[in-house]
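# Survey of secondary and tertiary structure
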Amino acid sequence: MRDGIKSALSQLEQECLDCGACAEVCDLLAELTDSPGELARRGIDVYLAYSCFLCDRCAAACPLELRPSALFAARRMAAVEKGEIDPEEYNYLLPDRKEHVMQLYRSYCGIDYGDLEAEKGAEICFFPGCTLMTYSPVLTREVFKRLEDECGCRGMLTDCCGKPLSQMGLEERAAESSRNLVDKVKCLGVKRIVVACPGCYYYLYEILGQEEIEILTVYEVLDFTEITAENAPLCTVHDSCPDRFKGVFSKGVRAALKKSGFSVVEMTANRGDTPCCGSGGQVSHFRPELAEKLIEVRLREAEKSGARVLLAYCLSCVLNFATRPSGVKVRHVLNLLLGLDEDYSDVKTKVLKILENAG
Ligand code: SF4
Ligand code: SF4
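Residues numbered from 1 in each chain as written. Chains lettered and ligands numbered in written order. Predicted model: local features only at pLDDT ≥ 70, side-chain atom pairs only at ≥ 80, totals over all residues. Heavy atoms only, no water.

Going by what an unreviewed UniProt entry lists, the chain is known as Cysteine-rich domain-containing protein and is assigned to Thermacetogenium phaeum.

Shown next, in the form of structure tokens:
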């Protein structure tokens, strides 16, 4: 990953045309006076590095397909290496620490998947991702059951993919986390991994790409046609940043919704042009006002679409939208496809209480 960021940064330094197309789709770039190319050449401060959602909407708009996010990601790595930030202060965000908020939440709520953990010989496994298995044990267990019945799934991998560490700039810890996961998957003899979260899906592709392990989405392997929705509400879909360029989830989700009898109305910005939900790059912890603005704009856009339900296939996006007042109901796509309704509006309040109690 480090090499990819370095080469994207050097491309930015050398090739950026200062054309401004990226700033048209990004409030952060729009508020800066210099183009990404100029910033790459002269360098940026730490505060700015942690102000970028790492969402790559700018890269999708760039005529040269340059990646301004590399500038911010590289500066984060440098900040860690130079000791400009103290990672210990952010243990609640870091999945390899026991103080990680999701570990605290699971322990507080008694959420445990010990009975489903993959064992040696489990060739087909489910990888729910930290957010889904923490904040929706109902969906996690139901998806597992469906995969077990329909696809021969024999266990669950409850590890973190390591992406949050990489996004914080903790490249060595991210690499260690990835190595551990690769070793575990090889040792168990896993041949196919079914993934629910787009962030995990693309990250696993990067770290397991060489291992001849098939990685599929739940929308590709489960047949949702049995659950035909009656009186189905009109829905709109918020797409996820990691899915921006390949669109595996955006296509699969819309096809599954259509098969199940749901109609989708599109918001103006959709698929590859979708703005971040506000949870990308951990910016909400460093520049909450930037994240709040994105959430509000997106909720108003969903209301304007005429949809009654705003759907997302990443639970982090769902949680960001669900906690704000709006004229739309916010749900995970799987809540509709599996016929399991859940209200996520108080999850973040509960998280804050748990964090306060943990000191
Ligand atoms: S990655 Fe997202 S937040 Fe960062 S500069 Fe690009 S569009 Fe803006
Ligand atoms: S859109 Fe691409 S070429 Fe244009 S200013 Fe942004 S990074 Fe540079």
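## Let's talk about the pairing of strand β3 (residues 192-195)
Here four bridges tie strand β1 (residues 124-127) to β3, and the two strands are oriented parallel to one another. Residue Ile-124 lies in a different strand from β3, and its bridge partner there is Arg-192. Note that the unit made of β3, helix α12 (residues 198-208) and strand β4 (residues 214-217) has a crossover that is right-handed. (Pairing = 2+ DSSP bridges. Helix = DSSP H or I, 4+ residues; strand = E, 2+ residues; numbered from the N terminus. Right-handed = clockwise from strand over helix to strand, strands pointing away.)

## Structural notes on the pattern of salt bridges
Under the criterion given, the structure shown has 25 salt bridges. Close ionic contact of Asp-34 with Arg-42 constitutes a salt bridge, the shortest N to O distance being 2.6 Å. Take Asp-34: its relative accessible area is 23%, and that puts it in the partly exposed class. With a relative accessible area of 56%, Arg-42 lands in the exposed category. A salt bridge links Asp-341 to Lys-329; its shortest N-O distance comes to 3.9 Å. (Salt bridge = Lys/Arg side-chain N within 4 Å of Asp/Glu carboxyl O. Buried < 20%, exposed > 50% of the residue type's maximum accessible area, 1.4 Å probe, protein only.)

## Details of the site of ligand 1
Around ligand 1, the neighbouring residues are Cys-26, Leu-29, Cys-52, Phe-53, Leu-54, Cys-55, Asp-56, Arg-57, Cys-58, Ser-69 and Phe-72. Most atoms of ligand 1, that is more than half of them, are within 2 Å of grid points of the second largest pocket. Those elements that provide at least two residues to the shell around ligand 1 are α5 (57-61) and α6 (69-81). Across the shell around ligand 1, the residue classes tally to eight nonpolar, one polar and two charged. (Near = heavy atom within 4 Å. 1 Å grid on protein atoms, 1.4 Å probe; cavity = no way out; pocket = protein on both sides within 12 Å on 5 of 7 lines; lining within 4 Å. Sits in = over half its atoms within 2 Å of the grid points. Nonpolar A, V, L, I, M, F, W, Y, C, P; charged D, E, K, R; others polar.)

## Quick look at the packing of aromatic side chains
Summed over the entire model, instances satisfying the criterion amount to nine aromatic pairs. A ring pair is formed by Tyr-201 and Phe-249, whose centres lie 5.3 Å apart and whose planes are at 80°; its orientation type is edge-to-face. Here Tyr-201 is found in helix α12, whereas its partner Phe-249 is found in helix α14 (residues 248-259), with 48 residues between them in sequence. You'll find Tyr-201 and Phe-249 in the same group, each marked buried. Ring geometry for Phe-249 and Tyr-313: centres 5.6 Å apart, planes at 20°, overall stacked. (Phe/Tyr/Trp six-rings, centres within 6.5 Å; stacked < 30°, edge-to-face > 60°.)

## Considering α6
Given 3.6 residues to a turn, an α-helix orients residues that are three or four positions apart in the same direction. With 13 residues, α6 extends 19 Å from end C-alpha to end C-alpha; this agrees with the ideal 18 Å at 1.5 Å per step. For α6, the tally of buried residues reaches 11 of 13 residues, placing the bulk of the element in the interior. Ser-69, Ala-70, Leu-71, Phe-72, Ala-73, Ala-74, Arg-75, Arg-76, Met-77, Ala-78 and Ala-79 are the residues of α6 that are buried. (Expected span 1.5 Å × (residues − 1).)

## Looking at the domain arrangement of the chain
Partitioning the chain into domains gives domain 1 (2-81), domain 2 (101-221) and domain 3 (235-348). Computed over C-alpha atoms, the centres of domain 2 and domain 3 are 22 Å apart. Counting from both sides, the interface comprises 25 residues of domain 2 and, opposite them, 27 residues of domain 3. Summed over both sides, the interface between domain 2 and domain 3 buries roughly 2100 Å², with carbon and sulfur atoms accounting for 75% of that surface. The largest contributions to the domain 2 side of the interface with domain 3 come from Leu-139, Tyr-202 and Tyr-219, which together make up 34% of the buried area. In this assembly, domain 2 and domain 3 are joined by zero salt bridges. Between domain 2 and domain 3 we count four residue pairs in polar contact (both at pLDDT 80 or more) in total. Going through the elements one at a time, α8 (130-135), α9 (137-151), α10 (163-168), α12 and α13 (218-221) are the ones with two or more residues in the side of domain 2 that touches domain 3. Ranked by residue count, the leading element in the side of domain 2 that touches domain 3 is α9, at five residues. Here the side of domain 2 that touches domain 3 is built from residues that sort into 16 nonpolar, five polar and four charged. (Domains from an automatic or database assignment. Contact = heavy atoms within 4.5 Å. Buried area = accessible area lost by both parts, 1.4 Å probe. Polar contact = N/O pair within 3.5 Å; in protein donor to acceptor, adjacent residues only side chain to side chain.)

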